[in-house]
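One letter stands for each residue in the lines below.
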Amino acid sequence: MKKIETNLADLKKDIGAFYKPELHHFIVMNAVQTGEKMELQWFFSDYAFPCETTCFYALISPGEEVPSIKDIVASAWVAEAELVDLMNIKVESTAKGFVLEPDFESGPLLKKK
Amino acid sequence: MGRQYEIPVGAQHISLLEPLHFKFTTENERIVRTDANVYYVHRGIEQACCSKFKFRQVSFVVGRVCGLCSISHTTAYSQVAEKLLKIEIPKRAKYLRMLVIELDRIHSHLLCLSHVAENSGFEALFMKTMQYREFSMELLEAVCGNRIQYDFSIVGGVARDLKPETGQLILQRLKNFMPQLEELVGIYQHNWTLSLKNKGTGVLTREDAMRLNVVGPFARAAGLAVDVRNETEDLLPWKEVGFEMITDTAGDVHARNMIRLREIGVSIRLIRNIIDGLPESALLTETKAFPDGEATVRLEAPRGELFYYAKGNKTQVLERLKIKAPTFSNVAGMVHAFTGNEYGSAAAIIASYDPCLSCTAR
C-alpha cells in the first residue's frame, strides 16, 4: 500500500490530479482515531496488474468539515455518507441517515472515552 | 411532463432478500429517479472486532458478517491479519482457501440466478435452479462442516484438511452437475419470455461502470474487466490454477445472468485444478507475534471486490478494522441503472444486482 499525505485544503487538488477513472478504481474511505486527531483515508486501486493500492490520508481535528470529492469521484457519496453516520465526521453537503437511521446516536464506531 | 409518482420499495418487500429501501420516482411507469438507503441492519461488527474480541477470534466474528460469502470475509480478514503478523501461510492452505471460495461462488451465483428467475416471474426456473444449487451446499458441508458460515480460514491457514475421499466426492458431484449447468445456460440464454424480461433491462454501460466504480459480475457484465483474482497473485495463486476472467458488453440483466453462469464454469475448472494439484504441506503457520502496523487486502467475493483494512498496535485487540463489501461499491451503480426502466422490471433488476445488505451495513 502506497500512502500519500495530504491536507483538507489540498485534498481535491491532490485527488483530482491522481484519479483517472479509466486507470483507477475508488475503493472506499476510512477513518482511524489517532489520539485527539482523526486520520481520514481515501483508498484507490489500479485497474492494471499489479494493481497497487494507493491511500491518500489527512489528519483532521474534531468538528472540522471535510471537503467532498463527489465532483471528482462520482460514487464517493456512498463512502462519505457512511463516515458521516458511523464516525460522526462532517462532510461537505452530506446529510446523515444513509447507513444508520436518522435518529441514531452519532458516531457508534468512535472509541468510548 | 407527465404526473410523477413516488413508489417505496422495501425495507420489507416480496422482491427483496434483505432489508434495503428504494424510493422510485416514476413518470408514465418509467423510473426517472431512485433514492436508496441501507440503514436497517447495522450491527456494529467493526466496533466489536476492535473492542470485544482478540485478533485471532475476529475471523470467527467476520464470518458472521454474511451468510452467503462468509468464506470471503474470513479469508480476507485472515490475510490482512497475516500481513500484520508478517507470516506466510502454507501452500496447501492457500489452495484449500481457493477451493472453498470457488465452491461458495457456485452456490452464491446459483442463488442469485434463481432469484432473478423468480423476480422475472419464472417460478419453475427458480425451483430448478435452487434444486441444482443443492449439491454445492452439500459439498461445502462435506469440506467445512457447515452449509453456511463455515469458519474454514483462520489466522495462519485453514482449520480443516481435505480428505482424499472428499476431494473425489467433489470431482464426482461436479461431473454430475455439468449437464445441469448446460441445461441452465440453455434456459437462461434462450428462453423467450425470460429474454423479453431481461434483455435490454437495467443496462449499465461500461463508461458508467467505470465512472461509478462498480465491481464484480455487475461490472464485468458491462464490459469492465475488473476481478481481483486477475489482479493479485501475492496472497492466493489464482493464475497458477487457471483463472480466466469473463466479461460481456450488454450490461443488462441478461448479461449479468450469463456472466454468472459462465463464471460457474470457470469455478468448476478452478476446483478441478486445485484438487488435482493440491500440494502436500502443513495447514497452519504458527506465530506468537501480535499484529503491528497497518495493512489492506482485496479479495474477489461472489459479488465483487471485498476490501479489508486493519491496524494493529502490538496488542491482542486491533486498533481499527474496516470492511468494505462489494455491494457497498455497487450502490451508486445500482441507483443509476434503474433510470429509464419500467417500474415493472425493478424486481428483476434488483435481483440481478445480487445485493447483500448484511455485508454492506455490517
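Bear in mind that the values here come from a model prediction, so they are computed numbers and not experimental data.

Just to check I follow, could you spell out the packing of aromatic side chains for this structure?
Aromatic rings considered in pairs are described by the distance between their centres and by the relative angle of their planes. This structure, assessed with the given rule, holds 16 aromatic pairs over all chains. Between Tyr19(A) and Phe44(A), the ring centres sit 5.6 Å apart and the planes meet at 45 degrees, which makes this aromatic pair tilted. Pair noted here: Tyr19(A) is in the loop between α1 (11-18) and β2 (24-34) and Phe44(A) is in strand β3 (residues 37-46), with a separation of 25 residues, a long-range link. You'll find Tyr19(A) and Phe44(A) in the same group, each marked buried. Here the aromatic rings of Phe55(B) and Phe290(B) are separated by 6.5 Å at their centres, their planes lie at 85 degrees, and the arrangement is edge-to-face. Placement of Phe55(B) in the loop between α1 (45-49) and α2 (58-62) and of Phe290(B) in the loop between α11 (253-276) and β6 (292-301) is noted, with a sequence separation of 235 residues between them. When its relative accessible area of 1% is taken as the criterion, Phe55(B) is described as buried. An aromatic cluster of three or more residues is present, and its members are Phe22(B), Phe24(B), Phe218(B), Phe338(B), Tyr343(B) and Tyr353(B). A cation over an aromatic ring shows up here: Lys3(A) above the ring of Tyr57(A), its NZ or CZ 4.6 Å from the ring centre. The side chain of Arg229(B) reaches across the aromatic face of Trp238(B), ending 5.9 Å from its centre.

Would you mind going over the environment of Arg362(B) with me for this structure?
Residue placement: Arg362(B) occurs in the segment after α14 (357-361). The residues contacting Arg362(B), other than those within four sequence positions of it, are Glu82(A), Leu86(A), Val41(B), His42(B), Arg43(B), Gly44(B), Ile45(B), Glu46(B), Val65(B), Lys322(B), Ile323(B) and Leu357(B).

Honestly, the sheet that holds β3(A) in this entry has me stumped. Any pointers?
Backbone-to-backbone hydrogen bonds join strands into a sheet, with any given pair of strands oriented parallel or antiparallel. Residues and elements named next belong to chain A. Judged by pairing direction, the sheet is mixed, and its four strands sit side by side in the order β1-β4-β3-β2 without closing on themselves. Bordering the open sheet on either side are β1 (2-5) and β2, each of which pairs with just one other strand. The average angle at which neighbouring strand axes cross in this sheet is 25 degrees, direction not considered. Examined bridge by bridge, β2 and β3 share 10 bridges and lie antiparallel to one another. When the bridges of β3 are listed, Met29 appears paired with Trp42.

Mind showing me how you'd approach the nonpolar core here?
A general trend in soluble globular proteins is that nonpolar side chains are found buried together. If you look at the biggest cluster of nonpolar residues, it comprises 84 residues, and the most contacted ones within it are Tyr77(B), Leu99(B), Ile170(B) and Leu321(B). Per element, the largest residue contribution to this core is 13 residues, and it comes from helix α4 (residues 91-119) of chain B. Leaving out residues up to four positions away in the same chain, Tyr77(B) has contacts with Phe55(B), Val58(B), Ser59(B), Val62(B), Val155(B), Tyr308(B), Leu318(B) and Leu321(B). In this structure, Tyr19(A), Trp42(A), Val78(A) and Ala351(B) belong to the second largest nonpolar core, which totals 78 residues.

Rules used throughout
Residues numbered from 1 in each chain as written. Chains lettered and ligands numbered in written order. Predicted model: local features only at pLDDT ≥ 70, side-chain atom pairs only at ≥ 80, totals over all residues. Heavy atoms only, no water. Phe/Tyr/Trp six-rings, centres within 6.5 Å; stacked < 30°, edge-to-face > 60°. Helix = DSSP H or I, 4+ residues; strand = E, 2+ residues; numbered from the N terminus. Buried < 20%, exposed > 50% of the residue type's maximum accessible area, 1.4 Å probe, protein only. Lys NZ or Arg CZ within 6 Å of the ring centre and 35° of its normal. Contact = heavy atoms within 4.5 Å. Pairing = 2+ DSSP bridges. Axes fitted to C-alpha atoms, helices over the stretch in contact; angles between N-to-C directions. Core = buried A, V, L, I, M, F, W, Y, C linked by side-chain atoms within 4.5 Å.

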